[in-house]
Amino acid sequence: MMPIHQASIHHLWDRLHQFDARQTSEALEWALAELSALLDAQVAGWCGVVRMHRHEPGNPMDGWRSAGFYSTSQQNLMEQVKMDQYQLMESLDPESTAGSAMSQAGTFRIGTLQAAVVSDDRYGPSYQTLLAKHGIVDGLYVTTPLGDDIESWMSFHRMDPTLPGFSSNDIKLVETAVRPMAWFHQRIATLYGLKVAESPLTPAERRVLEALLSTETEQAIADQLGLTQSTVHTYCARLCRKLNVRGRSGLLGLWLNGQTH
């Protein structure tokens, strides 16, 4: 690894630890931008994936569902690509282990779309069509497992036709950078409600949650977010019910318990 890459990775780790709980959205945006610069990627995203039903009969995704997206582009390219990939997976033989997109669930893994084009004789042309449809040169996916039924995905897409696909060196680089960041993925999953809520938190709920993780009063938070104090209080009560805790101290306790690292 080149010294400049090593220095960039160390800067990434050090800076991420400086973002507090209220800045998780900002930290995610910043981290994706830094990793994109390392990888010469033009679009990046994050996706939380949860298993709703184990061993769902006839389901090539084995019960896994996407539950929460973030993208650095105005249009969520990752969400669009994942929807197309899922439609592709539905055409696979559900009895075939090789046909399961989540056959390696629970392990840290990295894959590229170009590798799927080359290695999959039956569905390689479909992946090639997917790349062409979205104007993608290549896509790289980094998956961090957070438990038996939760995974955190980061994606990076090269959209510049003058660039090659992702190389083995790119894969080694992103593995070195992301593998020690499970604590950060836990923090993102907590913000999106993937670990404890029955349904993912909405963008508005996440915005209020981050503000509630401060020592500011509800009125001060309302002023900051352009809401009324009663609206903030309603959001707080809703979040507590959704996350099964009592009051702001419960929210903070839940957060801190998931952030040990």
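No experiment lies behind these values; they were computed from the predicted model shown.

Spatial strand order, β2-β1-β5-β4-β3: five strands in an open sheet with antiparallel pairing. Either end of the sheet is taken by a strand with one partner, and the two such strands are β2 (64-71) and β3 (109-112). Taking each pair of neighbouring strands and ignoring which way they run, the sheet shows an average axis angle of 20°. Here strand β1 (residues 43-51) runs beside strand β5 (residues 150-158); their pairing, made up of eight bridges, is antiparallel. Its bridge partner being in β5, V43 is matched across the sheet by H157. Packing against the sheet, helix α2 (residues 24-39) makes contact with β1, β2 and β5, and its axis sits at approximately 45° to β5.

Scanning the entire structure with this criterion turns up four aromatic pairs. Its end group placed over the ring of F19, R15 keeps NZ or CZ at 3.9 Å from the ring centre. Residue placement shows R15 over the ring face of W30; its charged tip is 6.0 Å from the ring centre.

Applying the stated criterion across every chain yields a total of six salt bridges. Its salt-bridge partner being R109, residue E151 comes within 2.8 Å of it at the nearest N-O pair. One end of the pair, E151, is in strand β5; the other, R109, is in strand β3, with 42 residues separating them in the sequence. Both residues of the pair, E151 and R109, count as buried. Ionic pairing is found between K242 and E205, a salt bridge with its closest N-O pair at 2.9 Å. Linking K242 in helix α10 (residues 229-243) with E205 in helix α8 (residues 203-212), this pair joins segments that are 37 residues apart in sequence. Shared partners join several salt bridges into a network, and the residues in it are E205, R238 and K242.

Conventions and cut-offs
- All residue numbers refer to position in the chain's written sequence, counted from 1.
- Since the coordinates come from a predicted model, pLDDT governs what is reported: local features require at least 70, and pairs of side-chain atoms require 80 or more to be given and counted, while whole-chain, interface and lining totals use all residues.
- Values shown for side chains rest on all heavy atoms present in the structure; no hydrogens or waters enter the calculation.
- A strand pair is defined by DSSP finding two or more bridges across the two strands.
- Helical segments are the DSSP runs of H or I of at least four residues, strand segments are the runs of E of at least two, and each set is numbered from the N terminus.
- The axes are straight lines fitted to the C-alpha atoms, using for helices just the contacting stretch, and the angles between their N-to-C directions are given from 0 to 180°.
- In what follows, a contact means two residues having at least one pair of non-hydrogen atoms within 4.5 Å.
- For Phe, Tyr and Trp, rings pair up if their centres lie within 6.5 Å, where Trp contributes its six-membered ring, and each pair is then called stacked (planes under 30 degrees apart), edge-to-face (over 60) or tilted (otherwise).
- For a Lys NZ or an Arg CZ to count as sitting over a ring, it must be within 6 Å of the ring centre and within 35 degrees of the ring normal.
- For this document, the term salt bridge refers to a Lys or Arg side-chain nitrogen within 4 Å of an Asp or Glu carboxyl oxygen.
- Each residue gets one of three labels from its accessible area relative to the maximum for its type: buried under 20%, exposed over 50%, partly exposed in between, using a 1.4 Å probe on protein chains only.

Nothing here speaks to function; it is all geometry.
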